[in-house]
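Spelled out, the chains give:
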Amino acid sequence: MPTLSNENETLPFSAIPGPKGTISNILGYTFGKGTHYEKVTKRFKKFGPIYREKILDMDIVNFYDVDSLATVLKIEANFPMRAGLEAITAVFGRNVTGILSCDYDEWYADRSLLSPMFLRPKEINERISMINAVANDFVERLHHLRDQNGTIHNIERELSYWGVESNSSFLFNRRLGFYEKTPDADVLVFFEAAYKMHDNVGVLIDMGPFHKYIPTPAYYAAKRNVNTMHESYIKLSKKRESKSGEDPIEKTTSVADHVFAKRKLTEESLTMLCGLMAAGVDTISTTSLWLLYLLSRNPDKQEKLYQELKPFDSHEDISVNKTVSYLKAALKESLRLHPVASIFSRVFTQDIELHGYHIPAGVNILFQNHLGSIDERYFGEDAKQFVPERWLRDLDTGNVKSFDPLGSLPFGHGVRMCLGRRVAEAYIYTLLSKIFIKYRVELSSKQSDVNPILNGGLMRPDREILFKFLLR
C-alpha cells in the first residue's frame, strides 16, 4: 500500500476518491448492509488506501496504514487536536471535559492536575487493596447471579457497576457501597443514571455533529442523566464525610484530596470528579467483556492462564507487578483484535500532504486503528487469530517478536494517550485474575456468533454474550 507520493505535483483535496454527497453518505452508514467495520472495509477496497467523505458539515479523510500514520504523528504539534467528542462536551460542559478538550489551556489545566495521580505506579499500588476488595465482591456476586447452569445474564451491566465502584475506590479511597447487603438508595440512583448516560451519549456520538443543529431526545436524556448523577453524588459525598476516618486507607491522599487541594472543594470540582467516576467505565467494562469472550472461545488459552494463576489464593491481593505474564499478553492480544477505541482522529491547524493529496487545515483525519491491528502485513498470517503468545518471550531464544509499534494503539498515542491506561489495566488484571482462579468460563450453548460493531464510538459486541461461570 503506498504512502506519501514521491511526485512533485500534489493532487488537490477534491481528487481524493470517496462516496459523494452528505445525506446519502449518512444513510449508507445508517441503513446499509453490514456492520460499520464491514462498510468501512468495503470503502477501502473500492476507493483505495485513502478516501474522503462528508458527514453534515464535517470533512473526513480515512486511512489505516501505519506508514501514513507515522507521517501524521511526525507532523502533529505538541498538542494534537481531536474531533468527534463534541457531544460529550455538549452534555457535560467544561467541568469534566478539559482532558478531552481541543482548547490547549483547558486540556493542560486538567491533564497536569490529574496525570501525577493516574500515571504513577506508586499511586495505584497504594490503592491496590481496595481495588482487590471490589474485585472480590464482584466475583462473589457472580456466584449469586448464576442460574442452575452457571449462566449469567447482562454481564456487561455488572461489569459497568464494577467499573464505577472501582473508580470510587481509586478517586476517593472509599467505596460507593454497591456490593453492600443493602446498598444506599443514592448509590443505586447514581449507578443507574451513569449507565443510562453512557447509552445516551453513545447515541449522540454515533450521530456525529447532528446535535449541533437539532437537540435530540438522546441529548435531553443525557443531560437529565448527568444532573441525576450530580445530585445523587453530592448526597453521597456528604454521607461519606460524616463517616470519614473509618477506613485506614483514607489516611492516604486520595485523587479527590489532590484535586481539592489545588481547586478547593467547590461544586465545579465535585462535578469534575463526578464525571471522572463515570468516565472510562464503558471502555473498561467492554475491554473486560472482549477478553472474557476470547478466553471462553479458546479454552486451551484459558487453561494456560489458569496454570499460571493456580499458585494464587482467590482472596490474595493481586497488583500489576504480581500479574501473571500470560494475562498481560492476553489483554494486549484482546485489545489488538478488539480495540475498544477503534478509531482516533487528528485535526491540523495547517495544510498537510498525505498519500500525495493536499489536505486543508480543519479536516478530520481518521485513523482506522482496528483495520491496521488485524493487517497481515504487520502481524503475520495469523493476524485475525487470538494468539497471546505473540506478546511473550520465546522459551528457546528469550526473544520477543518484533512488531511495528504503531500497528496496535488501543490507548492512543503521545501526550493525549489515554490518561486512565495504567489504572484500567490494574482493574482488569485484578478482576480477570480472580475470575479465572475461581471459575472456568465457557460460552453458553445458546450463544450465537458475536461480531464487533461501532456503538457509542466504541467497538462493542453486536449482542449480549452469555457466559457460564463454572466453579473450579
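Our subject is the structure that appears above.
Now for a look at the structure at hand. (Residues numbered from 1 in each chain as written. Predicted model: local features only at pLDDT ≥ 70, side-chain atom pairs only at ≥ 80, totals over all residues. Heavy atoms only, no water.)

Before going further, it helps to examine the overall build of the protein. The secondary structure content of the protein amounts to 19 helices and 11 strands. Against the 2.2 N^0.38 benchmark of 23 Å for 472 residues, the protein shows a C-alpha radius of gyration of 23 Å, consistent with a compact globule. The contacts of the protein with a sequence gap of at least 6 include a subset with a gap of at least 24, amounting to 75%. Only carbon and sulfur atoms are counted for the fraction: they give 52% of the accessible area of the protein, which is about 21600 Å². Taking the average location of the 60 positive side-chain charges in the protein and that of its 59 negative ones, the two points are 2 Å from each other. (Helix = DSSP H or I, 4+ residues; strand = E, 2+ residues; numbered from the N terminus. Rg over C-alpha atoms; globule rule 2.2 N^0.38 Å. Contact = heavy atoms within 4.5 Å. Areas by Shrake-Rupley, 256 points an atom, 1.4 Å probe, with all protein chains shown as cover. Lys, Arg positive; Asp, Glu negative; His and termini not counted. Charge placed at Lys NZ, Arg CZ, Asp CG, Glu CD.)

Strands sit in the order 1-2-7-4 across an open sheet of 4 strands; the sheet is mixed. In this open sheet, the two strands that pair with only one neighbour each are strand 1 (51-55) and strand 4 (343-347). Direction aside, the axes of adjacent strands within the sheet are offset by 30° on average. Bridging between strand 2 (residues 58-63) and strand 7 (residues 364-368) involves 4 bridges; their strand directions are parallel. Bridged to asparagine 62 within strand 7 is leucine 366. (Pairing = 2+ DSSP bridges. Axes fitted to C-alpha atoms, helices over the stretch in contact; angles between N-to-C directions.)

A word on the sheet that holds strand 3 (residues 151-152). Strand pairing in a sheet is mediated by backbone hydrogen bonds. Such pairs are either parallel or antiparallel. With respect to topology, 3 strands assemble into an open sheet ordered 3-11-8, the strand pairing being antiparallel. One side of each edge strand has no neighbouring strand; the edge strands of this open sheet are strand 3 and strand 8 (439-443). Both strand 3 and strand 11 (residues 467-471) contribute to a ladder of 2 bridges, which runs antiparallel. Residue threonine 151 lies in a different strand from strand 11, and its bridge partner there is lysine 468. Taken strand by strand, helix 19 (residues 421-438) contacts strand 8 and strand 11, and its axis lies near 95° from that of strand 8.

Moving on, we come to helix 2 (residues 36-47). What sets the pattern is the α-helix's 3.6 residues per turn: residues three or four places apart point alike. Across its 12 residues, helix 2 extends 16 Å between first and last C-alpha, which sits within 8% of the 16 Å expected from 1.5 Å per residue. For helix 2, every residue scored as buried is listed here: His36, Tyr37, Lys39, Val40, Arg43, Phe44 and Phe47. Along the axis of helix 2, the buried positions cluster into a sector of 160°, meaning they face one direction only. Exposed and facing more than 90 degrees away from the buried side of helix 2 are Lys42, Lys45 and Lys46. Two residues or fewer past helix 2, glycine 48 is found with a positive phi of approximately 105°. (Expected span 1.5 Å × (residues − 1). Buried < 20%, exposed > 50% of the residue type's maximum accessible area, 1.4 Å probe, protein only. Arc of directions from axis to C-beta.)

Here we take up the pattern of salt bridges. Under the criterion given, the structure shown has 24 salt bridges. The shortest N-O distance in the salt bridge between arginine 460 and glutamate 156 comes to 3.7 Å. Taken together, the positions of arginine 460 in strand 10 (residues 458-461) and glutamate 156 in helix 9 (residues 155-172) put the pair 304 residues apart, joining distant regions of the chain. Between arginine 390 and aspartate 382 there is a salt bridge, and its shortest N-O distance comes to 3.2 Å. The exposure class assigned to aspartate 382 is partly exposed, which follows from its relative accessible area of 23%. Beyond isolated ion pairs, a larger network of salt bridges with shared partners links Lys122, Glu123, Glu126 and Arg127. (Salt bridge = Lys/Arg side-chain N within 4 Å of Asp/Glu carboxyl O.)

Phe138, Trp162, Phe190 and Ile435 are the most contacted members of the largest nonpolar core, which totals 99 residues. Ranked by residues supplied to this core, first place goes to helix 19 with 11 residues. Leaving out residues up to four positions away in the same chain, tryptophan 162 has contacts with Val134, Ala135, Phe138, Tyr179, Ile284, Ser288, Tyr427, Ile428 and Leu431. Residues Ile16, Phe44, Tyr64 and Ile352 belong to the second largest nonpolar core, which totals 35 residues. (Core = buried A, V, L, I, M, F, W, Y, C linked by side-chain atoms within 4.5 Å.)

A surface patch of nonpolar side chains, about 350 Å² in accessible area, is lined by Ile23, Leu27 and Phe31. Mapped onto the fold, isoleucine 23 is located in helix 1 (residues 23-31). Exposure remark for isoleucine 23: the relative accessible area of 54% places this residue in the exposed category. (Patch = residues over 30% accessible without salt bridge, like charges linked within 9 Å, V, L, I, M, F, W, Y side chains within 5 Å.)

Time to look at unusual backbone geometry. The backbone phi angle of asparagine 154 is positive, close to 55°, even though this residue is not glycine. With respect to the helices and strands, asparagine 154 occurs in the loop between strand 3 and helix 9. Owing to a relative accessible area of 34%, asparagine 154 belongs among the partly exposed residues under this scheme.

By the secondary structure assignment, histidine 338 is in the loop between helix 16 (325-337) and strand 4. Look at histidine 338 and you get buried, because its relative accessible area is 12%. For the pair histidine 338 and leucine 458, spaced 120 residues apart in sequence, the C-alpha separation works out to 9.8 Å. If sequence neighbours within four positions are ignored, histidine 338 has contacts with Trp290, Leu294, Pro452 and Met459.

Before going further, it helps to examine a positive patch on the surface. A contiguous patch of positive charge on the surface is contributed by Lys33, Lys42, Lys45 and Lys384. Within the secondary structure, lysine 33 sits in the loop between helix 1 and helix 2. Overall, the relative accessible area of 77% leaves lysine 33 in the exposed class.

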